[in-house]
Amino acid sequence: MTCSHFTEGDVPERYVRGDLDPPVALAFEEHYFSCEDCFEALRQLRELRDGLESQRASMEVSPRAVAPTVWQVSVAVVAFLLAAGAAWTLGRGAGTGPPDAQTAFGELVAIDPPVYSPVRLRGSHSDGNESFEAAMARYSKEDWAGALPGLRKAANLEPQRTQFAFFLGVCALMAGNTDEAVESLSRAIVGGDTTYIEDSRFFLGKAHLRAGNLTAARFQFQKTVELQGGRSAEARRILDRLGN
Amino acid sequence: MREADTWTTDSVASAFMNVPELSEMARLAQRIRDGSTAGEEELVLRFQDRIYVLAEVRMRDPEAAHDLTQEVLMAVIRALRAGQLQDPERLAGYVLGVAHNLISNALRSRKEAVSPFDDRIPSPDAGPEEISSFSERRALALRAIARLGREDQRILFLSLVDGLSPREIAERLGLPSDVVRQRKSRALARARERLEKVSRS
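Residues numbered from 1 in each chain as written. Chains lettered and ligands numbered in written order. Predicted model: local features only at pLDDT ≥ 70, side-chain atom pairs only at ≥ 80, totals over all residues. Heavy atoms only, no water.

J.: Break down the overall build of chain B for me, with residues and values.
T.: Counting its secondary structure elements, chain B contains 9 helices and 0 strands. Counting helices and strands in the order they occur from the N terminus, chain B gives α-α-α-α-α-α-α-α-α. The contacts in chain B between residues at least 6 apart in sequence include a share of 63% that link residues at least 24 apart. Split by element, the accessible area of chain B, about 10,600 Å² in all, is 49% carbon and sulfur. (Helix = DSSP H or I, 4+ residues; strand = E, 2+ residues; numbered from the N terminus. Contact = heavy atoms within 4.5 Å. Areas by Shrake-Rupley, 256 points an atom, 1.4 Å probe, with all protein chains shown as cover.)

Spelled out as structure tokens, the structure:
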């Protein structure tokens, strides 16, 4: 392959999975519509993925599970069980609690943060942009606590930027600041029908789950399903497991 | 001067002005405007797969993506025949724009709009040749994958199919993260190289 664009950050792979930052996905689409090398590489990647998928039974890999913090599971499991009308409470639970419910709920509240690839544009460099990019460098290294101050600053400098509000919300969620995550992701949604609307609703649903607010979580996942985008299937699965 | 999150076709096109095919695009647009059936066929061949990949990634529905691909091609050809493309150099961007608009409409309305075929437009229906081609490409991909070691296959599977990060794969397989990153990168390069070789042969 001779094209030198989009060679960093596994852009084609993340594009195929659907977890590219929306502006980067758009830029990549505009590029591969003109570039034979990149389109061929993308096609090969999809074919390899489809081939691997067809061999799933022989891969012998167990289902993925990403565990949140213990206190988050405890709070959310209580809310989950009460909402489902279950007899178990934490007060009765010593040694007799519902381990299956804890594991299942742990999977529901697990967060896979969207990957961020900086987009190098010829354009203005605002204070907000500088703060944002510096913070996202930390975000990309999963330094959530380290990224938060810069993201807060960027969001304060340019409150109309849904991208800033979105990533601040996700970062706060990863750092365990659920209230801040809810507030910031809600602001990103208020920004209107932007490229971040679907992801904002989805992660806001996750934030509400972690806070134990199942009604609000169901609402956001239902809205995500209605948007019929890349998160729709996952949001539907979560709703089914919540008993919706 | 543009904000970082306000991509436009112009801003991206200006970043890629050295793409050599642009003048070829302008000639293709002109040929279709002049009534060239061969030009229309060339347009279909050039963009059909790209539109399908875009639609399938955005809509996560192969059948809907197939229908939408045909709808996009028809819309573009009609527009080109009518001379509606103001800047023929931007043909690729125009096709992409039409595709995005129709995908957005389809996602919003939650149904696939399939227009009746004009028999003058080359039909991109999946005939026996296309189905056979799909099966052949699947077989080639499997051959490329089979040449990898078992653990490398698992790493690629967990990454490309399940979408796990290198850190998550490392936890699952009991390997260091940096080892997973390196092995994944090498395995993917080998698989792609093998796929390209078997495709040519």
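J.: Please set out the pattern of salt bridges residue by residue, giving values where relevant.
T.: For the structure shown, the criterion picks out 28 salt bridges over all chains. Across the salt bridge formed by E53 of chain A and R56 of chain A, the nearest N and O atoms sit 3.0 Å from each other. Residue E53 of chain A is classed as partly exposed on the basis of its relative accessible area, which comes to 37%. On the accessibility criterion, R56 of chain A (40% relative accessible area) is partly exposed. Between E234 of chain A and R231 of chain A there is a salt bridge, and its shortest N-O distance comes to 3.9 Å. What you see here is one network of salt bridges that share partners, running through E24, R31, E42 and R46 of chain B. (Salt bridge = Lys/Arg side-chain N within 4 Å of Asp/Glu carboxyl O. Buried < 20%, exposed > 50% of the residue type's maximum accessible area, 1.4 Å probe, protein only.)

J.: Tell me about helix 8 (residues 166–173) of chain B, and name the residues and values.
T.: Residues and elements named next belong to chain B. Of all the positions in helix 8, only E168, I169 and A170 are classed as buried. Its buried side turned inward, helix 8 meets helix 7 (150–161) and helix 9 (177–200). Looking at the residues trailing helix 8, positive phi occurs at G174, about 70 degrees.

J.: Any details on the confidence of the model for chain A? Residues and values, ideally.
T.: Residues and elements named next belong to chain A. Averaged over all residues, the pLDDT of chain A is 77; the fraction at 70 or higher stands at 72%. Averaged pLDDT values for the elements of chain A fall to 53 in helix 5 (residues 70–83) and rise to 91 in helix 8 (residues 144–157). In this model, residues 63–72 is a region of pLDDT below 50 whose contacts with residues beyond four sequence positions or in other chains number 21 contacts. Segment residues 84–99: pLDDT under 50, and 8 contacts once partners within four positions in sequence are set aside and those in other chains are kept. (pLDDT = per-residue confidence, 0-100.)

J.: Requested: an account of the packing of aromatic side chains, with residues and values cited.
T.: All names here are of chain A. Under the criterion given, the structure shown has 18 aromatic pairs over all chains. Between F28 and Y32, the ring centres sit 5.3 Å apart and the planes meet at 70 degrees, which makes this aromatic pair edge-to-face. Of this pair, F28 and Y32 are both found in helix 2 (residues 22–32), 4 residues apart, which corresponds to roughly one turn of the helix. In this structure F28 comes out as buried when scored by relative accessible area, which is 0%. (Phe/Tyr/Trp six-rings, centres within 6.5 Å; stacked < 30°, edge-to-face > 60°.)

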